[in-house]
Number of protein chains: 2
Amino acid sequence: MDTFSAIVEPKRRLLLEAMRRQPCTVNTLVEIAGLSQPAVSKHLKILKEANLVVVRPDGQKRWYALNAQPLEEVDHFLEPYRQFLSNKLDRLEQHLNEMDQ
Amino acid sequence: MDTFSAIVEPKRRLLLEAMRRQPCTVNTLVEIAGLSQPAVSKHLKILKEANLVVVRPDGQKRWYALNAQPLEEVDHFLEPYRQFLSNKLDRLEQHLNEMDQ
DNA sequence: GGGATATATAACCATATAGATATATTTCTG
DNA sequence: CAGAAATATATCTATATGGTTATATATCCC
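Residues numbered from 1 in each chain as written. Chains lettered and ligands numbered in written order. Predicted model: local features only at pLDDT ≥ 70, side-chain atom pairs only at ≥ 80, totals over all residues. Heavy atoms only, no water.

J.: How do you make sense of unusual backbone geometry when you look at a structure like this?
T.: Trans is the prevailing form of peptide bonds, just as negative phi is the prevailing case for residues other than glycine. Residue and element names in this part refer to chain A. In this model, N51 sits at a positive phi of 65°, which is unusual for a non-glycine residue. Here N51 is to be found in the loop between α4 (37-49) and β1 (53-58). A relative accessible area of 37% places N51 in the partly exposed class. (Helix = DSSP H or I, 4+ residues; strand = E, 2+ residues; numbered from the N terminus. Buried < 20%, exposed > 50% of the residue type's maximum accessible area, 1.4 Å probe, protein only.)

Next comes the structure, spelled out in structure tokens:
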């Protein structure tokens, strides 16, 4: 599963958002997502295959934690489009580009 | 069609990449994508619904041009994850955040 | 050991998606 | 006006996706 496919699903983005704050167990994420436990486990499997989460077993619990590194791929995709955007980061980068010249 | 769904499809990212350089006609994009013409028209329809392209009719031709603005949504999604990344932009932003304090 | 708890997997279903081919529509050109 | 060219739409098909319920597996606790 590639990064783009992994983050296109709104519930998975929600799960990532939750784990951004702190590692979570499956049951916690079930409550947050409002889905059945198997559905959440399925999403987590996809996130794990995309390397967006890492798991630490702890007895019968599993702590799922964010690994944001693959999101760099998305960031790199956006890169060449930033010149068409007008947000803060874009202006920052433009400034940097000007400095580079 | 939301922005994420629009850009998850690799062929659509390829089409966006082509239009990033210059507006293109459908036939040109057919050659670039290596798909049937109806398939490309379908992708373009999706990109148009996502507001990622704009069309300018020109006789029997249609010039499709990039509109990168909706990509800001993706950029905003990435925003809170940047602190977990380690690329150039991230360091830039951290620098900015430090300045803000 | 045995029941409760936490999670994963299997099986199934409905819907969405991406592609193809066939055809319609519009515009150009001789 | 007639045929060619450019694009859009209709229809169909195969596969992927996201959800469910049922069940398996592993661990905790009395």
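J.: So what exactly am I meant to see when it comes to the packing of aromatic side chains here?
T.: Two descriptors summarise a pair of aromatic rings, namely the distance from one centre to the other and the angle between the planes of the rings. Enumeration according to the criterion identifies four aromatic pairs over all chains in this entry. Seen from their ring centres, F4 of chain A and F77 of chain A are 5.4 Å apart, and the 90° between their planes marks the pair as edge-to-face. Separated by 73 residues along the polypeptide, F4 of chain A in helix α1 (residues 3-8) and F77 of chain A in helix α5 (residues 71-78) bring together distant segments of the chain. F77 of chain A matches F4 of chain A in its accessibility class, with the two residues each being buried. Aromatic ring contacts, followed pair by pair, group F4, F77 and Y81 of chain A into a single cluster. If you follow R13 of chain A out to its NZ or CZ, it ends over the ring of F4 of chain B, 3.8 Å from the centre. Geometry around Y81 of chain A places R20 of chain B over its ring, the cationic atom sitting 5.0 Å from the centre. (Phe/Tyr/Trp six-rings, centres within 6.5 Å; stacked < 30°, edge-to-face > 60°. Lys NZ or Arg CZ within 6 Å of the ring centre and 35° of its normal.)

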